[in-house]
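Inside the fold
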Amino acid sequence: MSESKQKKENVNDVVIRLAGNSQDGIQTIGGFLARLAGRSDQEVITYMTIPSTISGGPSIFQVRIGSGEVLSAGDSADFLLAFYQHSYEEHLSFLKEGGVLIYDTEYVKPDVDDKRFVYVGVPITGLTIEAMGGSAKDKGKNIFVLGLLARMFSLNVEKLRTLMSEKLLNKGEDVLRNVLVAFDAGYGYQVDNVLDRYYAFEPSKQVDGKSQVTMDGNQAMTLGLITAGIRYGAGYPITPWSSIMEALRSELPKYGGKFIQVEDELAAISMAIGFSYSGNLAVTGSSGPGISLKMEALGWAVMAEIPVILINVQRGGPSTGLPTSVEQSDLLQAIYGSHGDTPRVVLSPKNVEDCFYVALEAARIAKKYSTPVIILSDQALATRIEAFDEPNLEELVVDPQLNLKTRPSDYLPYSMDKITQHAPPGTIIEGGKYPVVTGLEHDEAGHPSGNPELHMKMTAKRREKLQILANEIDIPEVHGAQEGDILFVGWGSTYGPLREAVLGNTKFAKKLGHLHIRHLHPLPNGLETIFSKFRQIFVVEMNDSGIYGYGQLATLLRARYCNSSIRSINKTDGLPFKVREILEGAKRLSGDAVSNYSAYPYE
Amino acid sequence: MSESKQKKENVNDVVIRLAGNSQDGIQTIGGFLARLAGRSDQEVITYMTIPSTISGGPSIFQVRIGSGEVLSAGDSADFLLAFYQHSYEEHLSFLKEGGVLIYDTEYVKPDVDDKRFVYVGVPITGLTIEAMGGSAKDKGKNIFVLGLLARMFSLNVEKLRTLMSEKLLNKGEDVLRNVLVAFDAGYGYQVDNVLDRYYAFEPSKQVDGKSQVTMDGNQAMTLGLITAGIRYGAGYPITPWSSIMEALRSELPKYGGKFIQVEDELAAISMAIGFSYSGNLAVTGSSGPGISLKMEALGWAVMAEIPVILINVQRGGPSTGLPTSVEQSDLLQAIYGSHGDTPRVVLSPKNVEDCFYVALEAARIAKKYSTPVIILSDQALATRIEAFDEPNLEELVVDPQLNLKTRPSDYLPYSMDKITQHAPPGTIIEGGKYPVVTGLEHDEAGHPSGNPELHMKMTAKRREKLQILANEIDIPEVHGAQEGDILFVGWGSTYGPLREAVLGNTKFAKKLGHLHIRHLHPLPNGLETIFSKFRQIFVVEMNDSGIYGYGQLATLLRARYCNSSIRSINKTDGLPFKVREILEGAKRLSGDAVSNYSAYPYE
Amino acid sequence: MSTTATPEAPREKLTKKILTADHPTWCPGCGDFAVLHAFYKVLEKFQFPHENIVTLAGIGCSSRFPYFVNTHGGHFIHGRAVPFATGVSLARDDLQVFVFGGDGDGFSIGGNHLDHGARKNVNLTYVIMDNFVYGLTKKQTSPTSPIGFRSKTDPTGAVDQPINPMKKLVTSGATFIARTHATQIKHMMEMYQRAINHNGFSVIECLSECVEFYAGAFDAGNPRKGGEFNLIDEKKFDGTPEDEDRHDTSDSMAAYQLADMEWPGIFGVFYEKDRPTKNDLENGIIKKAREKTKEASDLELLQKTFNRLK
Amino acid sequence: MSTTATPEAPREKLTKKILTADHPTWCPGCGDFAVLHAFYKVLEKFQFPHENIVTLAGIGCSSRFPYFVNTHGGHFIHGRAVPFATGVSLARDDLQVFVFGGDGDGFSIGGNHLDHGARKNVNLTYVIMDNFVYGLTKKQTSPTSPIGFRSKTDPTGAVDQPINPMKKLVTSGATFIARTHATQIKHMMEMYQRAINHNGFSVIECLSECVEFYAGAFDAGNPRKGGEFNLIDEKKFDGTPEDEDRHDTSDSMAAYQLADMEWPGIFGVFYEKDRPTKNDLENGIIKKAREKTKEASDLELLQKTFNRLK
Ligand SMILES: Cc1ncc(C[n+]2csc(CCOP(=O)(O)OP(=O)(O)O)c2C)c(N)n1
Ligand SMILES: Cc1ncc(C[n+]2csc(CCOP(=O)(O)OP(=O)(O)O)c2C)c(N)n1
Ligand code: SF4
Ligand code: SF4
Ligand SMILES: [Mg+2]
Ligand SMILES: [Mg+2]
């Protein structure tokens, strides 16, 4: 094969969608591509769907790789690789004009008369069988395709081989050898016969010497918890939370910790609270239905002032809803879901990297304020892969101290003067009067009391610590314009597309700002100043616009600031926001005023 | 005894506080007084406290009887009856200047030098023993006191005797005879030796020919449910919800219905939903902790669109909190407590009478909109006794039809064009395609589907029916001024004191308005017009002012109307609002502007 | 209470074809297919009025059952199918109430509801497809997973003592208890039939292989895989000496003892006893109350109560 | 994991006086007073370090226990004391974990947690004050109320078959199971002592009269009220013929049979068996994992994981 025939095209931002069946192992190719990008200091974001039947079915894996900042998985694809006719038919509309369709000639018959696309037919199945022998065809096709892509995009084959051997080593030499056969077959395919160019990624612009790590959000969250010194937890399986509990169950014993699978979510949070009460800040978590089951015990932790971390990997609701889709419809439940006035902290990570850091922040706050902290992640964050700078572990790692220092005889578990810091069992109390932690209203010593004034004071005590916390939260910075026409406000996994909407939009960069809120409860102080600088404030959320026409974060912001220019861009289709949808939403709400925002490339 | 020695004083509004121990049966005296007032077309409201220990302890029962409108149990007492020294000491501050202290000379040594009060010492214990024989003294003291009060207030002795015999008949003749002995002893006591006047209630002003019924809020709610045709339910005990389930368990079988005590609250709501799915709209309920446990299943009912009534008799929270105190801190949970976007209806009764009518309204809405309806009652409503006009049962009673009419072959359980009306099992579907109800997102036929557009549409379908409901809710009327300085906004059991604050305040009647919201979710339309007529809007709620300084209904109203003149008067002392506290709150918020509202008699 | 129903038309015979709804989303080879098939077959035998069959479930692979059966159906939340179904059963004596679910749904999160539904003896039939694993959530340890089983939540092997479903059921007070194997269609059908004929809380544990996450789990009970499918020899009360050793299905202690047998244990009816159902007991309470109130109308009853409150 | 603790000072002897906290809010005559008294007495015997005793509970009259005992204590929510206490036990092998509660708390809302805590064999001691009624909420039927009992929720008498606590416990897998009576202080103390000495999930059901709402419920087991307090005759393994008939406490089947005796049944230790505790099993997993990773530091372990993700 002579490469001279082909043009070389430098690229710095490519979206590749692989469409097939979940059984084809397309996640595996995607994972290797993402990991490779991470090792090459490129930015990467992936996106995948999970088939709704247990036995598998149509499924996609999308990788976006860029030499600059990559913020979302992309609104449309530059390359579509279709394994089957249904893959082709279902996803062609996602391919950009001028985009390249690569397809298995065995299964796909594209309409080559449609001149909007470039067609690259490859007998994927046939060549894989030829290379590996018939029986293994289903297992090899994905790796063949990986080889093909390596050729097309001039990927670093050495790094890829290393990745494959790392991943497959424990499966045995034979498996690895077979895999490499398939890879070589793909890599060796004379793609230049059908494509007039090959591509190469520009070297990354912002190499800062730090190496990158590549993982999904649930992995990042798990590692964040461990780095934060969390050594105990309990849980019950549910998609898409399970992979956090599975990882903790495997990992914690190495650190001398325990993660217990229990009979249901009520037991899980009760046990986690028991761990915390014993002096070991613990974690539990779930998704939708399981989170609802935890609301009673969570209220106890608020009342008794026991810290605990509760992770909610949000999925489509209500009820069993859409277990494998993304949604941000649990925010108000996180804040208000338990009976009574139950002030507690709610945080949300903005991307995979932040899943790591938010876990650290949650642990810090839980301990300092002796309070439950809820982390609202979501299905998109949980399953998507990103590369990010390796954290400075040495600096961040927390040694999980069990503090049993003797307390003086005037020790009061619920002192009015201080933020509660409990004495775990095992702690000697001088004078020998031992404390009780309780979910009944209580006096400073923990004795139940129905005294009216006391209840007022204790209610205030539990609330005031969150007000104190609010004072220490930094005001989040605004991306893009610092004042102007439109401020987009978001939380959680909408960060990428929002930032891209603002920063990618050079033409209107001066008019669009983006504020992302990570501390959702309490909110940071000072947002009103930011809001006052924009004519319109659009809160972008993946939840319903509700009876009155605004979403959940918008409810909080409107109530607090009584600012009617705060409006909502919502959707509940179970898919991450596209940049285009955000800009269209803005246009819809603004009318003519910003109709020309549509000049953005995506329309 | 010659009555000629005494002056007669006509009264039309009297607050009597009985203070003793719960074992003394003061609830019984209070109950008789309230019932008597009801039979005499007088208005009455009672208030009681429940001792915090199981074995009993200090406790009060307060009755306010009036010939005009009686809206609250009163901010202070005209008469205090103290059984013990601790009763005297604890409650003297509640007695008005010039008020009458009646006390048991055996146990109470009052400071008679304090000339603010009139002292009436009666050897209650001694005379009861004398009349009944020693062993029964604890059982008779309360009835002795009832006799004493009958004399002092010129009560209708015949009616009282009838009441006692009705109540005690099933306890046997002997018991009744003993009770009457104690009553006569009290009635025969020469109270004129120590008091220079006796009292008589003015005949009621607004006798409309209808007879009155006297009961507490939980009784009224129970009877409302039965009148509404509710025949099935399930529950688990918890104070102060239990008495509703106990009454339903006793009553429903008479109507051919079933109320099942189950193992926990999760089973209770699941079973209630099962009843409803079977075509029999059912009820469940609980208080604080038990309500939190129902949040998951409730979300299923929203998603599957199965109607169900959930009663929350609110008590002090969070967690186990203050089981026998009142609070209104579950409003936001009622609306937002389940994961996902779960639109459901929330209603709240304003007084005991309304507990009856709100149950009817809940059943009507649940059926018409095939939706869960939450009723937020509270501990104060549950336990206080009021007299109200007998409802027109003939007009109101609902025949609980099980509708199994055959459905046509194009029947779709989740049709996009209509508000869902399920076909219960047993219904023949022409063409033989039977429907599934489900908590997974589904298409119109009930098949699970993760289709993005469909989820958007179904989310909207579930929300829109509440928007349609909002259109049919009447805009609540404003009491007092229709425009002016201050609009008080309330919900639930604060109705009485709020109305009294506005209507009782003749001096400022032109400036104060009161709006009470019964349909809390969805809110009625058109409130903005009312709000626009007042300079300041104070939302009065028995819950915490929260991190940002406003309560739960205020959160909803501020978010909806972005009207910063909506502010909050909150408290969380576990006691019903006093009129004085409301006015003081208004003064605090208004500053000088309304400082002279303090001219109101209560300050 | 009055009922508005439409008069009956001449009925079509219920066939497997009519009873079939959506094509199951289960993995090819999943044991649950056979359980479904046996259900169709048994319904063909019973010929209940089509509209009176109700198929309910919690959440899990096995709990997807209601979508695959063309009857009135309800797919409820995880672990609460028994109280949900109890509501349906207690309100509607005219219905045939079936509950389907898995071992996680029934013994883990739903374990308490199972016990309380059983002691109340609610009239319904509950089929537990026990695959010793969480299928739908992709291979976590279930309460029936044996010690040593490697799952995503027990990567080095499960350590907790599993529950013994038969012991649990006997203790709970269920009045019909059987155990069967998804590869034994005829036996399954027989168990179904007897469960349906039983008036009360009838439960069938059916070992149903999860080919995806616990392949081969029940080979020991499958003769075609070299295992043994041993059946309970039920007492015939024929006075013969052989009958001495046979199992008396009305003897809960004997049933408990049978449950102690070594893996793969024994199959058939462990326990079967008539005891008043919750349905009957509550109907009895109604009957007494109605007699006492002399069948007064709703309005009369209400009016009387209000009169007492005057 | 490192621990910051203060070095031990010479200790005062633990006496009832020191262990007494708030005066109980129970009704005069409530059986729970005796259960509390026995607890003080037993703690006097054991002389655990004061700070290492933890008293936990759910919600109910009986669950108010922690307020009346001057030790570290936790008053949790209704029905979830077992998982709460499990967290404490599994994280802290140095503590003596006690759980107290009622029949409603333990067998109704908490019934499933009891079963799963038992099968996991978590190391703790759980005392259930069974009064056959809901005390704190003022007389509703409990899962142990006998048929016919008139309560506020069964005004014409309970109809549901009550659970049999001993059968439930044996089936659950609890490794120490005893039954006692609150009027029998010495027997109570003996049961407490043996439960505490047992390594694993030890449960004592103590019949404790609710004088307010179910007076006289347990007279049949109280000789002073004309009842019989029959004790289990435990096997001595002395080879004597009498020993044949004695109860082997390691035999779960025999324990189950004992639980079938007629009211008021028999008292003493029904079952007692050593089985690896959840605490040990989890510690074992840690040990293996630590060996495999060669006792690497937290930072080293984390760094290795991150390296794998590059
Ligand atoms: C409250 C709640 N918790 C957890 C889940 C997630 N979940 C769904 S099915 C399931 C268990 C499935 O196992 P099993 O009941 O044995 O059924 P199988 O899939 O094996 O047939 C779990 C944990 C859920 N849907 N709801
Ligand atoms: C979730 C929840 N449901 C219900 C209650 C109300 N409640 C408190 S104690 C109790 C039962 C008490 O009975 P038991 O456990 O037998 O204890 P006892 O009072 O008899 O000692 C109930 C139903 C509650 N506090 N929380
Ligand atoms: S995962 Fe297992 S239980 Fe679920 S469908 Fe597949 S084989 Fe059946
Ligand atoms: S109500 Fe019963 S259980 Fe509760 S304290 Fe009183 S006697 Fe004891
Ligand atoms: Mg299973
Ligand atoms: Mg009890």
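Keep in mind that this is a model prediction, so the values were computed, not measured. In every chain, residue numbers begin from 1 and rise along the written sequence. To label them, take the chains in the order written and letter them from A, then take the ligands in the order written and number them from 1. In keeping with the predicted nature of the model, local features appear solely for residues at pLDDT of at least 70, side-chain atom pairs appear and are counted solely at 80 or more, and the whole-chain, interface and lining totals rest on all residues. Only hydrogens and water are set aside; all other atoms, that is, all heavy atoms of the structure, feed into the side-chain values.

1. Things to note about the environment of Ile428 of chain B
Strands here mean DSSP runs of E at least two residues long; helices mean DSSP runs of H or I at least four residues long; both are numbered from the N terminus. Here Ile428 of chain B is to be found in the loop between β17 (402–404) and β18 (436–438). Residues Ile428 of chain B and Arg407 of chain B, 21 residues apart in the sequence, show an inter-C-alpha distance of 6.4 Å. Contact criterion: two residues are considered in contact whenever any of their non-hydrogen atoms come within 4.5 Å of each other. When residues no more than four places from it in sequence are discounted, the contact partners of Ile428 of chain B are Thr406, Arg407 and Tyr434 of chain B together with Arg11 and Glu51 of chain C.

2. What about the site of ligand 1?
Proximity is defined per residue: any heavy atom of the residue falling within 4 Å of a molecule or strand makes that residue near it. Taken together, 22 residues form the shell around ligand 1, and within it Glu265 of chain A together with Cys61, Ser62, Asp103 and Asp105 of chain C come nearest. As used in this structure description, the phrase polar contact means that two N or O atoms lie within 3.5 Å; if the pair is within protein, one of them must be able to donate a hydrogen and the other to accept it, and residues adjacent in sequence are counted only when both atoms belong to side chains. The side chain of Asn131 of chain C places a nitrogen or oxygen atom 2.9 Å from an oxygen atom of ligand 1. Calculation on ligand 1 without its partners gives an accessible area of 590 Å², and the protein chains cover 98% of this total. Listing elements by their share of the shell around ligand 1, those giving two or more residues are α10 (288–293) of chain A together with α5 (103–108) and β6 (133–134) of chain C. Among the elements that line the shell around ligand 1, the one with the most residues is α5 of chain C, at 3 residues. A class-by-class count of the residues in the shell around ligand 1 yields 10 nonpolar, 8 polar and 4 charged. With residues, only the protein chains shown are counted as cover, and all accessible areas are computed by Shrake-Rupley using a 1.4 Å probe. The residue classification treats Ala, Val, Leu, Ile, Met, Phe, Trp, Tyr, Cys and Pro as nonpolar and Asp, Glu, Lys and Arg as charged. All others, Gly included, are polar.

3. Comments concerning the domain arrangement of chain A
Per the annotation, domain bounds derive from an automatic or database assignment of domains. When its domains are assigned, chain A resolves into domain 1 (3–209), domain 2 (213–396), domain 3 (404–472) and domain 4 (478–594). Relative to domain 3 of chain A, the C-alpha centre of domain 1 of chain A lies at a distance of 58 Å.

4. A short note on the site of ligand 2
The environment of ligand 2 is made up of 23 residues, and the closest members are Glu265 of chain B together with Cys61, Ser62, Asp103 and Asp105 of chain D. Neighbouring residues of ligand 2 are not confined to a single chain but are spread across chains A, B and D. Contact distances for ligand 2 include 2.9 Å between an oxygen atom and a backbone N or O atom of Leu136 of chain D. In the complex, 98% of the free accessible area of ligand 2, which totals 590 Å², lies under the protein chains.

5. Some thoughts on the pairing of strand β24 (residues 566–570) of chain A
Successive residues of a regular strand alternate their side chains across the two faces of the sheet. Counting buried positions along β24 of chain A yields 4 of 5 residues, so the element is predominantly enclosed. Seen with the strands pointing away from the viewer, any crossover whose path from the first strand over the helix to the second strand runs clockwise is right-handed. Note that the unit made of strand β23 (residues 534–541) of chain A, helix α19 (residues 552–561) of chain A and β24 of chain A has a crossover that is right-handed. Each residue is assigned to one of three classes by its accessible area relative to the maximum for its type, calculated with a 1.4 Å probe on protein chains only: buried under 20%, partly exposed between the two thresholds, exposed over 50%.

6. Re the relation of the copies chain C and chain D
Least-squares superposition of the copies uses the C-alpha atoms of those residues scoring a pLDDT of at least 70 in each of them. Rotating chain C by 180 degrees and moving it 0.0 Å along the rotation axis overlays it on chain D with an RMSD of 0.0 Å. Both copies of the chain, as the preceding transformation shows, are related through a two-fold rotation axis. Of every C-alpha in chain C, the one belonging to Asn112 of chain C sits nearest the axis of rotation, 2.4 Å from it. The share of interface residues of chain C whose copies in chain D are also at the interface is 100%, consistent with both copies meeting through the same surface.

7. Overview of the coordination of the magnesium ion (ligand 5)
Residues and elements named next belong to chain C. Listed donors are limited to N, O and S atoms within 2.8 Å of the metal, widened to 3.2 Å for Na, K and Ca; water is not among them, so incomplete-looking sites are possible. The coordination sphere of the magnesium ion (ligand 5), as far as protein atoms go, consists of Asp103 (OD), Asn131 (OD1) and Val133 (O), spread over 2.0 to 2.2 Å. Mapped onto the polypeptide sequence, the residues donating to the magnesium ion (ligand 5) form the spacing pattern D-x27-N-x1-V. Here the residue Asp103 occupies a position in helix α5, and Val133 occupies one in strand β6, the gap between them amounting to 30 residues.

8. Concerning the packing of aromatic side chains
In this analysis, rings of Phe, Tyr and Trp, with Trp reduced to its six-membered ring, are considered paired at centre separations within 6.5 Å, and the interplanar angle assigns stacked below 30 degrees, edge-to-face beyond 60, and tilted for intermediate values. Going through the model one piece at a time under the given rule, you end up with 68 aromatic pairs over all chains. An angle of 40 degrees between the planes, with centres 4.9 Å apart, marks the rings of Tyr232 of chain B and Phe275 of chain B as tilted. Of the two residues, Tyr232 of chain B sits in strand β10 (residues 232–235) while Phe275 of chain B sits in helix α9 (residues 265–277), which places them 43 residues apart along the sequence. Note on accessibility: Tyr232 of chain B and Phe275 of chain B belong to one class, buried. Their ring planes at 45 degrees and their centres at 5.5 Å tell us that Phe132 of chain C and Trp263 of chain C sit as a pair that is tilted. Placement of the pair is Phe132 of chain C in the loop between β5 (124–130) and β6 and Trp263 of chain C in the loop between α10 (252–258) and β10 (268–272), with a sequence separation of 131 residues. Since its relative accessible area comes to 42%, Trp263 of chain C is described here as partly exposed. By way of ring pairs, the aromatic residues Trp26, Phe33, Phe39, Phe65, Phe68, Phe98, Phe100 and Tyr192 of chain C are connected into one cluster. Criterion for a charge above a ring: Lys NZ or Arg CZ within 6 Å of the ring centre, and within 35 degrees of the ring normal. Of note, Arg17 of chain A hangs over the ring of Phe94 of chain A, and the distance from its end group to the ring centre comes to 3.5 Å.

9. Description of the pairing of β10 of chain B
All names here are of chain B. On β10, burial covers both faces: Tyr232 and Ala234 on one face and Gly233 and Gly235 on the other are all buried. Across 4 bridges, the pairing between β10 and strand β11 (residues 258–261) is parallel. Counterpart to Gly233 in the pairing with β11 is Phe259. In the classification by handedness, the crossover that spans β10, the intervening helix α8 (residues 242–251) and the parallel β11 is right-handed. A pair of strands is labelled paired if DSSP reports no fewer than 2 bridges between them. Inspection of the sheet shows β10 paired to strand β12 (residues 282–286) by 2 bridges, in the parallel sense. Opposite Gly233, over in β12, you have Val283 as the bridge partner.

10. Let's talk about the pattern of salt bridges
Each salt bridge in this description consists of a side-chain nitrogen of Lys or Arg and a carboxyl oxygen of Asp or Glu lying within 4 Å of one another. Using the criterion set out here, one finds 88 salt bridges over all chains in the structure. When the shortest N-O distance is used, the salt bridge between Lys278 of chain D and Glu282 of chain D registers 2.8 Å. A residue pair is termed a helical-turn pair when its members lie 3 or 4 positions apart in one helix, as Lys278 of chain D and Glu282 of chain D do in helix α11 (residues 278–292) at 4 residues. Under the relative-accessibility criterion, Glu282 of chain D is labelled buried at 1%. Residues joined in a network through salt bridges with shared partners are Arg249 of chain A, Asp154 and Asp160 of chain C together with Lys120, Lys278 and Glu282 of chain D.

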